[in-house]
Amino acid sequence: MQNYSDPDVTRVGDDYYMTASSFNEAPGLPILHSKDMVNWKLVNYALPDVLPAKNFSTPKRGDGVWAPAIRFHKGEFYIYWGDPDFGIYMVKTKDPLGKWDDPVLVMEGKGLIDSCPFWDEDGNAYLIHGWAGSRAGVKSLLSINKMNSEGTKVLDKGVHIFDGHDAHPTVEGPKMYKRNGYYYIFAPAGGVATGWQLVLRSKNIYGPYEEKIVLEQGKTKINGPHQGAWVDTPSGEDWFYHFQDVDAGEESCICNR
């Protein structure tokens, strides 16, 4: 089975599109397509080469493209990802099966990871992300920045909106949504192998956020429901994609929310 860790999914009409972490591999950012959320076909790659080219001219195992988020906004597909050594990048296209635009460095910095864009109903754009302790010296925090409407650069220094140090260590991989007037953040915590899936909810994008664990191993043998995607169907069903650590590989899976 192919390894698609940190999967994220977006639906456009009756079509579902997935991408996943590709680290230092080139081409990177695999694009998978499905009509039923069960059967997936690899149809493209959004990133021909991992940048900066000079840095990745020699193998950098585990570096590069971490935990991308794919979104559809105003007729275009966007993918954002964090490179822990350089910052948060974005690529976009009108045709996911065609050529994607060259990467744009949206936010430069060390330790910026697990980014997800969000365009609100009032036109404001935001970028939520986590932190890599190995580079930033801090982790277990989720932060949000304002972006320009084009989604090509951040406009402020950002605000820490959730601190997981006490109850949700290593909170990371945030994905932001808005439903019925609430801002939702899906974020795994506790580590890949044995962690849990946390959901935060607030009526203000900057919080404070209610918190609830919605998936955890409990007494089962199914470990670590790690980061993924909240997806709805045209008929109104809600599903959550995630992956789990299985030692030699990481297996993507699906569960009904």
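Further up the page is the structure itself.
Residues numbered from 1 in each chain as written. Predicted model: local features only at pLDDT ≥ 70, side-chain atom pairs only at ≥ 80, totals over all residues. Heavy atoms only, no water.

Colleague: What's the story with the nonpolar core in this structure? I'm lost.
Modeller: Considering soluble globular proteins, one finds that nonpolar side chains tend to be buried as a cluster. Judged by nonpolar contacts, the single largest core of 20 residues is most densely connected at Leu142, Met176, Ile185, Ile205 and Tyr209. Mapped onto this core, the elements with two or more residues apiece are strand 9 (112–119), strand 10 (125–131), strand 11 (141–147), strand 12 (159–163), strand 14 (182–189) and strand 15 (196–202). Element by element, the count of residues in this core is highest for strand 14, at four residues. Apart from the residues within four sequence positions on either side, Met176 is in contact with Arg71, Cys116, Phe118, Ile128, Ile144, Tyr184, Ile185, Ile205 and Tyr209. Grouped together as the second largest cluster of nonpolar side chains are 16 residues, Met18, Ala20, Trp230 and Phe240 included. (Core = buried A, V, L, I, M, F, W, Y, C linked by side-chain atoms within 4.5 Å. Buried < 20%, exposed > 50% of the residue type's maximum accessible area, 1.4 Å probe, protein only. Helix = DSSP H or I, 4+ residues; strand = E, 2+ residues; numbered from the N terminus. Contact = heavy atoms within 4.5 Å.)

Colleague: Help me understand the sheet that holds strand 14 in this model?
Modeller: Two strands in a sheet stick together by hydrogen bonds in their backbones, pointing the same way (parallel) or opposite ways (antiparallel). If you trace the four strands from one edge of the open sheet to the other, you get 13-14-15-16, paired in antiparallel fashion. Here the strands that pair on one side only, and so sit at the sheet edges, are strand 13 (175–179) and strand 16 (210–215). The mean inter-strand angle of the sheet, taken between neighbouring strand axes irrespective of direction, is 25°. Looking at chain direction, strand 15 and strand 16 are connected through five bridges and run antiparallel. Bridge pairing in strand 16 links Arg201 to Glu210. (Pairing = 2+ DSSP bridges. Axes fitted to C-alpha atoms, helices over the stretch in contact; angles between N-to-C directions.)

Colleague: Could you clarify how one ought to interpret the pairing of strand 5 (residues 66–73) in this entry?
Modeller: On a regular strand, one side chain projects to one face of the sheet and the next to the other, so that they alternate. Counting buried residues along strand 5, seven of its eight residues qualify, which places the element largely inside the surrounding structure. Count of turn residues in the strand 5/strand 6 (residues 76–83) antiparallel hairpin: two residues, of which Lys74 carries a positive phi of about 50°.

Colleague: Explain the packing of aromatic side chains here, please?
Modeller: To describe a pair of aromatic rings, you give the distance between the ring centres and the angle between the ring planes. For the coordinates displayed, the defined rule picks out 15 aromatic pairs. Between the aromatic rings of Tyr182 and Tyr184, the centroid separation amounts to 6.2 Å while the plane-to-plane angle is 55°, which identifies the pairing as tilted. Using a relative accessible area of 12% as the deciding quantity, one classes Tyr184 as buried. Following the ring pairs from residue to residue traces out a cluster consisting of Tyr177, Tyr182, Tyr184, Phe186, Trp230 and Phe240. Sitting over the ring of Trp230, Arg179 keeps its end group 3.9 Å from the ring centre. Its guanidinium or amino end placed over the ring of Tyr182, Arg201 lies 3.9 Å from that ring's centre, counting from NZ or CZ. (Phe/Tyr/Trp six-rings, centres within 6.5 Å; stacked < 30°, edge-to-face > 60°. Lys NZ or Arg CZ within 6 Å of the ring centre and 35° of its normal.)

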